[in-house]
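Structural overview for review
Letter by letter, the chains look like this.
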Amino acid sequence: MKEMSLSGKTVRNRLIQERVSGRMKTPANWKEKLRRKMLPVPGILGREEYYSCAVLVPLLYLDGEEHLLFQKRAPHIKQGSEVCFPGGHFEEKKDTDLLDTALREAQEELGIMPGMVDVLGQLETVVSPRGIIVECFLGVLEISETSELVIDMKEVEKVFTVPVSWFRRNPPQIYRTRVEIQSSYVDRGGNTQVLLPVEELGLPDHYRNNRSEWMHRVVVYPSRPEIIWGMTAAVVENLVRKYFPAGSGQQGL
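Described in the following lines is the structure provided in the data block. (Residues numbered from 1 in each chain as written. Predicted model: local features only at pLDDT ≥ 70, side-chain atom pairs only at ≥ 80, totals over all residues. Heavy atoms only, no water.)

As a further point, take the nonpolar core. One finds Val57, Leu68, Phe70, Cys136, Phe167, Ile228 and Val236 to be the most contacted residues of the largest nonpolar core, which totals 27 residues. Among the elements that make up this core, the one with the highest residue count is helix α6 (residues 230-243) (5 residues). With near-sequence residues (within four places) excluded, Phe70 lies in contact with Val83, Cys84, Phe85, Lys158, Val159, Phe160, Val162, Phe167, Ile228, Thr232 and Val236. (Core = buried A, V, L, I, M, F, W, Y, C linked by side-chain atoms within 4.5 Å. Buried < 20%, exposed > 50% of the residue type's maximum accessible area, 1.4 Å probe, protein only. Helix = DSSP H or I, 4+ residues; strand = E, 2+ residues; numbered from the N terminus. Contact = heavy atoms within 4.5 Å.)

Here it is as structure tokens:
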């Protein structure tokens, strides 16, 4: 054992000497070329496979305290009658980035013009198991009351505000949904649709079975006048915990 250890140490020393002497020198500029390609902030691998959205999280000052503004979707649209923040899908022909998406949708849905909102910054990214990525931007509305908004009734049934202090006093209820991974499924016509040919690829047999490997956390605020839940509630929970902790008063930001 001692001889092997000495031998290993000798080899390592030789390699170090060879590097120093230049016989194993890294090609000129190779590291710097690669370094310049590195992202300043790492992205999300496979992001192009996700449905990219953005929302504006509107904060306004009413009756002496901070409020969050919510909208209830019109009943006939996708996810109708649910509570959300203004926002929508990134449109390449209209938006240069996802902040553009959030501001454009806020203007279309609620008539929030660029001069009516001061965007403070970007909040955490939401990644949904349903294949959706949502970028969230916190903005202060420079309005004195919600009647100044111009609501598109084709998309929005109504708007309402909830004091941030209410969320501090009322922690959310937490539930779970089970996320299932399927390598194949039976469609409505009774036909088996193979998504991942496990046997053909020679993968381990257990991947042929549907698997539930984790539980998705669901946040619910059973508030009034409307229940706030799902991704919107998760954004609120994170915002209140990080920027408006208990005892912060009006100095949360």
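From this point, the discussion proceeds with the structure in view.
Tracing the sequence through the fold places Asp95 in the loop between β4 (87-89) and α3 (98-110). Within the structure, Asp95 has its side chain in polar contact with the side chain of Thr101 (distance 2.8 Å). There is a polar contact of 2.8 Å between the side chain of Asp95 and the side chain of Arg104. Contacts of Asp95, omitting those with residues within four sequence positions, involve His89, Phe90, Asp100, Thr101 and Arg104. (Polar contact = N/O pair within 3.5 Å; in protein donor to acceptor, adjacent residues only side chain to side chain.)

Let's shift gears to the layout of surface pockets. Its boundaries defined by the atoms lining it, the largest pocket holds a volume of some 1200 Å³. Lining the largest pocket are 43 residues, with Arg73, Gln79, Arg130, Val134 and Met231 sitting closest to its centre. Taken together, the residues that form the lining of the largest pocket break down as 21 nonpolar, 12 polar and 10 charged. (1 Å grid on protein atoms, 1.4 Å probe; cavity = no way out; pocket = protein on both sides within 12 Å on 5 of 7 lines; lining within 4 Å. Points joined across faces, edges and corners; volume = space filled by probe spheres on them. Nonpolar A, V, L, I, M, F, W, Y, C, P; charged D, E, K, R; others polar.)

Among the secondary structure elements, Thr101 is positioned in helix α3. Among the residues examined, Thr101 registers a relative accessible area of 0% and is labelled buried. Dropping the residues within four chain positions of it, Thr101 is found in contact with Ala54, Gly88, His89, Phe90, Glu91 and Asp95.

Residues in a regular strand point their side chains to alternate faces of the sheet. The element strand β1 (residues 51-62) is extensively covered by neighbouring structure, given that 10 of its 12 residues are classed as buried. Alignment of β1 against strand β7 (residues 132-141), held across 9 bridges, turns out to be parallel. Each residue of the ladder has a partner; that of Leu56, found in β7, is Phe137. Judged from the 3 bridges that link them, β1 and β4 form a sheet pairing that is antiparallel. From the neighbouring strand, Ala54 faces β4, where its bridge partner is Gly88. As paired strands, β1 and strand β2 (residues 65-73) are joined by 4 bridges and run antiparallel to one another. Across the sheet, residue Leu60 finds its bridge partner in β2, namely His67. Between β1 and β2, which pair antiparallel and follow one another directly, the connecting turn spans 2 residues, one of which, Asp63, has a positive phi of 50°. (Pairing = 2+ DSSP bridges.)

Across the sheet, which stays open at both edges, the 3 strands sit in the order β9-β12-β13 with antiparallel pairing between neighbours. Each edge of the open sheet is held by one strand with a lone partner, namely β9 (173-181) and β13 (228-229). As paired elements, strand β12 (residues 211-221) and β13 share 2 bridges and run antiparallel to each other. Opposite Val220, over in β13, you have Trp229 as the bridge partner.

Moving on, we come to the pattern of salt bridges. According to the stated counting rule, one finds 15 salt bridges in the structure shown. Residue Glu135 pairs with Arg47 through a salt bridge whose shortest N-O separation is 2.9 Å. Taken together, the positions of Glu135 in strand β7 and Arg47 in the loop between α2 (30-37) and β1 put the pair 88 residues apart, joining distant regions of the chain. You can call Glu135 buried: its relative accessible area is 5%. Arg47 sits in the partly exposed class, given a relative accessible area of 22%. Overlapping salt bridges bring together Glu91, Lys94, Asp95, Arg104, Glu105 and Glu108 as one network. (Salt bridge = Lys/Arg side-chain N within 4 Å of Asp/Glu carboxyl O.)

On to unusual backbone geometry. Despite not being glycine, Asp63 has its phi angle at roughly 50°, a positive value. Here Asp63 is to be found in the loop between β1 and β2. Judged by its relative accessible area of 78%, Asp63 falls in the exposed class.

Everything listed here is a matter of geometry and, on its own, says nothing about what the molecule does.
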